[in-house]
Amino acid sequence: MIRLNGPGTLKVMKKFYWSTGFHKTFKDDPSDAEIPSHKLLVRAGLIKKVAPGIYTYGPMALKSLRKIENIIREELDEAGCQELLMPMVQPLSLWQETGRSGVPELLKFKNRNDHDFCLGATHEEVITDFVRNDLTSYKDLPVSLYQIQTKYRDEIRPRFGLMRGREFIMKDAYSFDENEELAKVSYQKFKKVYQRIFDRLGLEYRVVQADSGAIGGSLSEEFQVLAQIGEDLLLVSDQSDFAANREICARPYQATDFSSVGTSKFKDPSHKHTFATPGLSTIQDLAIFTGIDAKCLVKSLFLKDDAGKPFTVLLRGCDELNPIKLKKVLNLKNEAQMLNEQEVLKLTGALPGSCGPQGLQTPIYADHFLKEFQYYMVGANQTGFHTQGLKVDVDFKITSFADISFAQTGDLSPDGKGVLKEIRGIEVGHIFYLGTKYSQIMKAIFQDKNGKTQPFEMGCYGIGVGRTMQSAIEQSHDQNGIIWPKSIAPFDVHLAVLDPKNADLMTYVNSLVKDLNKNNLSVFIDDRNERPGVKFKDADLIGLPLRLTIGQKSFEQNQVEVLTRFNSEKTVVSLETLVEFCAEKYHECR
Ligand code: ATP
Ligand code: MG
């Protein structure tokens, strides 16, 4: 197979002369950029904001995006996936069929004939419509199709440049199988293809268990590029390859250490009494006041379900409610909403911070870490007071125990191996097993081996192309600029010509560019009439894998400086050996 991350094929422009083409770099960071990769993309002249979350990709950015797309294409084609292209403008009726037309991210509009349309936020509906009625027999399965397409999602808060845009490029693929078992084989096939893609892109990433969110289905994993600024919190085992998004990470039960109770002034947990806690509103306040660890105290939260019915949730003081787990446990349509202060007051008779489960008529769901708590210290349902010594089944009943809190650093790993620690990631890819969620509702059916009609078993698989490019920069830069991984660098070589007015030098430069091209190295030539300092700054900022510097003097002395951007290693090479040396050095680049 032809690979692009070695001097292999060049499917992109091989050379660019800065003096005769358009490219602009900037000294200052854009005012709306919070993270390095966003600042660098703008300063290096790769992208320009048109509106919030909407960007023009400049010629350089497009080269890198195309390289990423080509790696994706090569791997998917190799795996037998077929490329197609679906429309970006979609009839709203398709989304009404699946009941998703109300998704807030969907941008809807009418045409001149008053027909309803939306911009494609994803393409499950269109692809299911594409195969229904035409893919009719088990003999034609499995089928997998993909596209690389512009998506539009009316994100509430676009930010971080291409990381969370409104308009962005996504590769989305869909698989169709005859049963669940084979659909899961397709899912695993895509997982392997994704691993190859992200390996080739040179990214440091983890595959993590994930929530299947609004798309639905049951089996789902994300490809997360590791980065400090990542929006996603991940939990990874210190002794195995277990990794999960914090949104869904399970928490194996662990007994709580109650020793801090014994050493506090409230040392008899069964002693039932109410005491004044004026001005204490948080669990931390209470822990300091009582001298008891937050993990031995109990938090009471008050929420309402889809129908507005209130319920109570109990958690250890050190834990946090995970609304996604809660939604699943209670089988809710939407995440439960917290009651406001007035609603809490009405329900419990006290302000938040002084409330507990005793005497309430609501269902009470407790986190499973409370299983062995016999006596509770909680708010007294009287503002400014707490009560110790409340007994389960005597003072209140627990409707059920479940795993409803966020996992955290120090928890046991759910696979039984090691302890979890938190790291941050950027979700660049996401794979889902969908089951028949879309095929059933859209009546996309085929005849199985027994002549019976069945809905397709589906999977869907996404990669954010722009987000991937920016993640690479987030992972690979220094204070001076981008350090492009060579697999996706817009050009391979940055050629800084210090005396572009010298005709002999330019004749040599032109022939050098040809020779580099022959060796499958593409070249960005800085032949502007600028000072060397400006050229070096821009070369660092743009960050191509190899930088050659040549001026009239070094040309006459038969010396060219070659710098590898990733480790700043400099070598002076003679003109005769230059091309060969570059090919070798390029090979060493990451
Ligand atoms: P997120 O949780 O970040 O909102 P998502 O789970 O909604 O993303 P998917 O529907 O799984 O996203 O989309 C597949 C891929 O598309 C994501 O893994 C991500 O790389 C990319 N992507 C999604 N939303 C955006 C966005 N607003 N801007 C850029 N890329 C995006
Ligand atoms: Mg996702």
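Scroll up to find the structure this text is about.
About the thresholds
Residue positions are given per chain, counting from 1 as you read along its sequence in written order. Both sets of labels track the order of writing: A upward for chains, 1 upward for ligands. At least 70 in pLDDT is required for a residue's local features to be given in this predicted model, at least 80 for side-chain atom pairs to be given and counted, and no such filter applies to totals for whole chains, interfaces and linings, which use all residues. The side-chain numbers reported here are obtained from all heavy atoms of the structure, hydrogens and water having been left aside. In this text, near means that some heavy atom of the residue lies within 4 Å of the molecule or strand in question. Counting of polar contacts relies on pairs of N or O atoms within 3.5 Å, with two restrictions inside protein: one atom must be capable of donating a hydrogen and the other of accepting it, and residues adjacent in sequence are counted only when both atoms are side-chain atoms. The method behind every accessible area is Shrake-Rupley, applied with a 1.4 Å probe, and residues are considered shielded solely by the protein chains displayed. Only DSSP runs of H or I covering at least 4 residues are called helices, and only runs of E covering at least 2 are called strands; the numbering of each starts at the N terminus. Any two strands between which DSSP finds at least two bridges are classified as paired. Lines fitted to the C-alpha atoms define the axes, with helices restricted to the stretch that makes contact. Angles between their N-to-C directions range from 0 to 180 degrees. Burial status follows relative accessibility: with a 1.4 Å probe on protein chains alone, a residue under 20% of its type maximum counts as buried, one over 50% as exposed, and anything between as partly exposed. A side-chain nitrogen of Lys or Arg and a carboxyl oxygen of Asp or Glu constitute a salt bridge if their distance falls within 4 Å. Throughout, a residue-residue contact means that at least one pair of heavy atoms, one from each residue, lies within 4.5 Å. Should an angle fall under 35 degrees it is called roughly parallel, over 145 degrees roughly antiparallel, and 65 to 115 degrees roughly perpendicular, with every other angle called oblique. Here a crossing is taken to be left-handed if its near helix is turned anticlockwise relative to the far helix by less than a right angle, and right-handed if that turn runs clockwise. The classification used treats Ala, Val, Leu, Ile, Met, Phe, Trp, Tyr, Cys and Pro as nonpolar, Asp, Glu, Lys and Arg as charged, and all other residues, Gly among them, as polar. Patch criteria: residues need more than 30% relative accessible area and no salt bridge. Like-charged residues are merged within 9 Å; nonpolar side chains of Val, Leu, Ile, Met, Phe, Trp and Tyr are merged within 5 Å. His is not counted, nor are the chain ends, whereas Lys and Arg count as positive and Asp and Glu as negative. A charged residue contributes its charge at one atom only: NZ of Lys, CZ of Arg, CG of Asp or CD of Glu. Grouping buried Ala, Val, Leu, Ile, Met, Phe, Trp, Tyr and Cys residues that are joined through side-chain atoms within 4.5 Å yields what is termed a nonpolar core.

Visitor: Explain the site of ligand 1 residue by residue, including any values.
Guide: Close contacts around ligand 1 come from 14 residues, with Arg153, Glu155, Arg164, Gly165 and Glu427 the closest. Separating an oxygen atom of ligand 1 from a side-chain N or O atom of His430 is a distance of 3.1 Å. For ligand 1, whose unbound accessible area comes to 580 Å², protein coverage reaches 84%. At the level of secondary structure, the elements contributing two or more residues to the shell around ligand 1 comprise strand S9 (167-177) and strand S22 (420-435). In terms of residue count, S22 provides more of the shell around ligand 1 than any other element does, four residues in total.

Visitor: So what's going on with the sheet that holds strand S29 (residues 523-526)? Residues and values would help.
Guide: With respect to topology, six strands assemble into an open sheet ordered S1-S29-S28-S30-S31-S32, the strand pairing being mixed. The strands lining the two open edges of the sheet, one partner per strand, are strand S1 (15-17) and strand S32 (569-573). The sheet shows a mean angle of 20 degrees between the axes of neighbouring strands, taken without regard to direction. Bridge analysis of strand S30 (residues 546-550) against strand S31 (residues 560-564) gives four bridges, and the strand direction is antiparallel. The residue bridging Thr549 from the neighbouring strand is Glu561, located in S31.

Visitor: Can you tell me about the pairing of strand S8 (residues 143-152), naming the residues and giving the values?
Guide: Look at any regular strand and the pattern is simple: side chains alternate between the two faces of the sheet. In terms of residue burial, S8 counts as a mostly covered element, since nine of its ten residues are buried. Relative to S8, strand S4 (residues 82-83) is paired through two bridges, and the arrangement is parallel. Its bridge partner lying in S8, Glu83 is registered against Tyr146. The pairing of S8 with S9 spans ten bridges and is classified as antiparallel. Each bridged residue has a counterpart across the sheet, and for Tyr152 the counterpart in S9 is Glu167.

Visitor: Please provide a residue-by-residue account of helix H11 (residues 465-475), values included.
Guide: Along an α-helix, residues three or four positions apart point the same way, because every turn accommodates 3.6 residues. H11 sits mainly inside the fold: ten of its eleven residues count as buried. Those residues of H11 that fall on the buried side of the exposure criterion are Val465, Gly466, Arg467, Thr468, Met469, Gln470, Ser471, Ala472, Ile473 and Glu474.

Visitor: Describe the pattern of salt bridges, naming the residues involved and giving the relevant values.
Guide: Enumeration over the complete set of coordinates arrives at 40 salt bridges. Here Lys518 and Asp515 are joined by a salt bridge, their closest N and O atoms 3.7 Å apart. With Lys518 and Asp515 both in helix H12 (residues 503-518) and three residues apart, this pair spans about one turn of that helix. Each of the salt bridges in this network shares a partner with another, and the network as a whole consists of Arg66, Glu69, Arg73 and Glu83.

Visitor: Describe the environment of Lys397, with residues and values.
Guide: Summarising the element assignment, Lys397 is placed in the loop between strand S20 (385-391) and strand S21 (400-402). Exposure remark for Lys397: the relative accessible area of 57% places this residue in the exposed category. Sequence-wise, Lys397 and Gly356 are 41 residues apart; in three dimensions their C-alpha atoms are separated by 12 Å. At 3.4 Å, the side chain of Lys397 forms a polar contact with the backbone oxygen of Asp393.

Visitor: I'd like a rundown of the sheet that holds strand S16 (residues 310-316), residues and numbers included.
Guide: The strand order across the open sheet formed by five strands is S17-S15-S16-S18-S21, and the pairing between neighbours is mixed. Looking at strand neighbours, the two that pair on one side only are strand S17 (337-338) and S21, the edges of this open sheet. Both strand S18 (residues 364-367) and S21 contribute to a ladder of three bridges, which runs parallel. Bridge pairing in S21 links Tyr365 to Ser400. In the packing of helix H9 (residues 341-348) onto the sheet, contacts are made with strand S15 (298-304), S16 and S17, and the angle to S15 comes to roughly 110 degrees.

Visitor: Give a description of the packing of H12 against helix H15 (residues 578-588) that names residues and reports values.
Guide: The interhelical angle for the contact between H12 and H15, taken along N-to-C directions, is 45 degrees, at an axis separation of 10 Å. Judged by the angle between their axes, H12 and H15 are oblique. Here H12 runs over H15; the crossing is right-handed. Residue-level contacts link Tyr508, Leu512, Asp515 and Leu516 of H12 to Leu578, Val579 and Cys582 of H15. Tallied by class, the residues present in the contact of H12 with H15 amount to six nonpolar, no polar and one charged.

Visitor: Explain the packing of helix H1 (residues 36-43) against H11 to me, using residue names and the numbers behind them.
Guide: Remark: H1 packs on H11, axes separated minimally by 8 Å, with the N-to-C direction vectors making an angle of 110 degrees. It follows from the interaxial angle that H1 and H11 lie roughly perpendicular. Contacts between H1 and H11 involve Pro36, Ser37, His38, Leu40 and Leu41 from the first element and Met469, Gln470, Ile473 and Glu474 from the second. Looking at the contact of H1 with H11 residue by residue, the class counts come to five nonpolar, three polar and one charged.

Visitor: How would you explain unusual backbone geometry if you had to name every residue and give the values?
Guide: Cis peptide bonds are those with omega within 30 degrees of zero, and the linkage from Leu141 to Pro142 qualifies with 0 degrees. Inspection of the secondary structure puts Pro142 in the loop between helix H4 (124-131) and S8. The backbone of Asp393 sits at a positive phi, close to 75 degrees, despite the residue not being glycine. When you line up the elements, Asp393 lands in the loop between S20 and S21. In this model, Asn558 sits at a positive phi of 60 degrees, which is unusual for a non-glycine residue. By relative accessible area, Asn558 is classed as partly exposed at 26%.

Visitor: Describe a positive patch on the surface, listing the residues and the values that go with them.
Guide: On the surface, a cluster of positive charge is made up of Lys24, Lys27, Lys48, Arg531 and Lys537. Judged by relative accessible area, which is 77%, Lys27 ranks as exposed.

Visitor: Residue-level account of the nonpolar core, with values.
Guide: In terms of nonpolar packing, the biggest core is built from 58 residues, with Leu46, Phe198 and Trp484 touching the most fellow members. Among all residues touching Trp484, those that are not within four sequence positions of it are Leu46, Ser64, Met469, Ile473, Ala489, Pro490, Ile542, Gly543, Leu544, Pro545 and Arg590.

Visitor: Lay out the side chain of Thr312 in plain terms, naming residues and giving numbers.
Guide: Locating Thr312 in the fold gives a position in strand S16. Of the residues examined, Thr312 reaches a relative accessible area of 0% and is grouped as buried. Side-chain polar atoms of Thr312 contact the side chain of Thr362, separated by 2.8 Å. In this structure Thr312 touches Leu301, Phe302, Leu360, Thr362, Pro363, Ile364 and Tyr365, once residues within four positions along its chain are discounted.

Visitor: So what about H9? Which residues, and what values?
Guide: The opening residue of H9 is Asn340, an N-cap whose side-chain oxygen sits 3.2 Å from the backbone nitrogen of Gln342. One or two steps after H9, the chain reaches Gly349, where phi turns positive at roughly 85 degrees.

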